[in-house]
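Remarks on the overall topology
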Amino acid sequence: MRSFVDIHSHWLPGVDDGVPTAQDSVELLRALRRLGFQRVCATPHMRTGLFDNTSRDLIRAFERVQPILDEADGLPEVALGCEHHLDDIVFQRLVDGEGLPYPAGNTALIELPYDHFPAKLLERLHELRMKRIRPVLAHPERYRPVWRDMEILEPLLDGGTVLQLDVGALAGQYGRHTRRSAEQLADAGYYYCASSDAHRVKDLGYVDKGIRRLFDLMGQEEAEFLLAEGPASVLDGQVTD
């Protein structure tokens, strides 16, 4: 039995562009469990002007759905985090302790604009590290600056940021540029973990194909690290340099 850990998923209902209802949450979680994910962390968006969620909002939503999940069978263990879009407001929330890191409190999922890297990105990532929060960069393969030159990620890696792959990218879920970028980053050993980024059950066809492609590209040992050991250490706050 696989024991994968998913640290990027949008199964929390009614808070962003993920599943709309609690029943959809159950169906998505059950489907992820069938793919081998034993632990799945919800990471709803926190993005100013689009998904104006606060940590309090998301915790309440998580608590509301919990009784329904408790009554369902065949589900993975669940947890709550957040996908922080690193705009000025959300960044300041993280610095002020008002973001929503992963449960251990010292790792947090962040995302960037798709078409550019913010001017003060390195300074902000350094400030998060000074606050004892290790940044986990969501889906770097989807950022256009990385398409042009993946070495733009080197300063981020040197500063302690770890990179998370959306496995569906390897199956073409986001187009050919993103697929090529994901393959290049995987081949270069840039990734620390791989996740579903599932928003709907229909996404899991790509996730399944992407997992298979990951094993083909990386071999069993490395693929299992990216799907199990790496994300578990992120979730549990035990990432090592």
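Structure first, text after, so check above.
Residues numbered from 1 in each chain as written. Predicted model: local features only at pLDDT ≥ 70, side-chain atom pairs only at ≥ 80, totals over all residues. Heavy atoms only, no water.

1. A short note on the pairing of strand S9 (residues 191-195)
Condition: Relative accessibility decides the category of a residue: with a 1.4 Å probe and only protein chains considered, values under 20% of the type maximum give buried, values over 50% give exposed, and everything between is partly exposed. In DSSP terms, a helix is any run of H or I states spanning at least four residues, a strand is any run of E spanning at least two, and both are numbered starting from the N terminus. Any two strands with at least two DSSP-identified bridges between them are counted as paired. Handedness of a crossover: with both strands directed away from the viewer, a clockwise path from the first strand across the helix to the second marks it as right-handed.
Counting buried positions along S9 yields five of five residues, so the element is predominantly enclosed. Here strand S8 (residues 162-166) runs beside S9; their pairing, made up of four bridges, is parallel. The residue of S9 that forms the bridge with Leu 163 is Tyr 191. With helix H7 (residues 176-187) bridging S8 and its parallel neighbour S9, the resulting β-α-β unit is right-handed.

2. Side note on the packing of helix H1 (residues 22-34) against helix H2 (residues 55-71)
When two helices pack together, their arrangement is given by the angle between the helix axes and by the axis-to-axis distance. Definition in use: Interaxial angles span 0 to 180 degrees and are taken between N-to-C directions of axes, which are lines fitted to C-alpha atoms, for helices over the stretch in contact. Each angle gets one of four labels, with under 35 degrees taken as roughly parallel, over 145 as roughly antiparallel, 65 to 115 as roughly perpendicular, and the rest as oblique. Whether a crossing is left-handed or right-handed is set by the direction in which the near helix is turned from the far one by less than a right angle, anticlockwise for left-handed and clockwise for right-handed. Contacts between residues were defined by any pair of non-hydrogen atoms, one from each residue, lying within 4.5 Å. Residues are grouped as follows: Ala, Val, Leu, Ile, Met, Phe, Trp, Tyr, Cys and Pro are nonpolar; Asp, Glu, Lys and Arg are charged; all remaining types, including Gly, are polar.
Contact geometry of H1 with H2 gives a least axis separation of 10 Å together with a crossing angle of 55 degrees. Here H2 runs oblique to H1, going by the angle between their axes. Crossing of H1 over H2 shows right-handed handedness. Between H1, through Ala 22, Val 26 and Leu 29, and H2, the contact on the second element is made entirely by Val 65, Ile 68 and Leu 69. Grouping the constituent residues of the contact of H1 with H2 by class yields six nonpolar, no polar and no charged.

3. Concerning helix H4 (residues 121-130)
Let me state the cut-off plainly: The directions considered for the arc are those from the helix axis to the C-beta atoms.
Considered for burial, the residues of H4 that qualify are Leu 121, Arg 124, Leu 125 and Leu 128. One side of H4 holds all its buried residues, which, seen down the axis, span an arc of 100 degrees. The exposed residues of H4 that point more than 90 degrees off its buried face are Glu 123 and Met 130. Close packing links the buried residues of H4 with helix H3 (88-95), strand S6 (107-111), strand S7 (134-138) and helix H6 (154-158). In the stretch just after H4, Arg 132 is the one whose phi turns positive, near 65 degrees.

4. Here's the deal with the sheet that holds S9
Reading across the sheet, the six strands line up as S3-S5-S6-S7-S8-S9 and stay open at both edges, with parallel pairing between neighbours. Two strands bound the open sheet, and with one partner strand each, they are strand S3 (45-46) and S9. As judged from the three bridges shared by S7 and S8, these two strands associate in the parallel manner. From the neighbouring strand, Leu 137 faces S8, where its bridge partner is Leu 163.

5. Topic: the nonpolar core
To keep things clear, this is the line we draw: By convention a nonpolar core is built from buried Ala, Val, Leu, Ile, Met, Phe, Trp, Tyr and Cys residues, the set being connected through side-chain atoms within 4.5 Å.
Formed by 62 residues in total, the largest nonpolar core has its most connected members in Trp 11, Leu 12, Phe 37, Leu 153 and Leu 214. Those residues within four positions of Phe 37 in sequence are excluded, and the remaining contacts are Phe 4, Val 5, Asp 6, Leu 32, Pro 76, Val 207, Ile 211 and Leu 227. Core analysis: the next-biggest nonpolar cluster, separate from the first, contains 15 residues, Ile 7, Cys 41, Tyr 102 and Ala 138 among them.

6. Focus on the packing of H3 against H4
Interaxial distance between H3 and H4 falls to 10 Å at its minimum, and their mutual angle equals 20 degrees. What the angle tells us is that H3 and H4 run roughly parallel. Handedness of the crossing formed by H3 with H4: left-handed. Contact residues: Asp 88, Phe 91, Leu 94 and Val 95 in H3; Arg 124, Glu 127 and Leu 128 in H4. Partitioned by chemical class, the residues of the contact of H3 with H4 number four nonpolar, no polar and three charged.

7. With respect to the pairing of S8
Of all five residues in S8, five are buried; the element is thus mostly enclosed. Here S8 shows a buried face lined by Val 162, Gln 164 and Asp 166 and a second buried face lined by Leu 163 and Leu 165.

The values are spatial; any link to function lies outside them.
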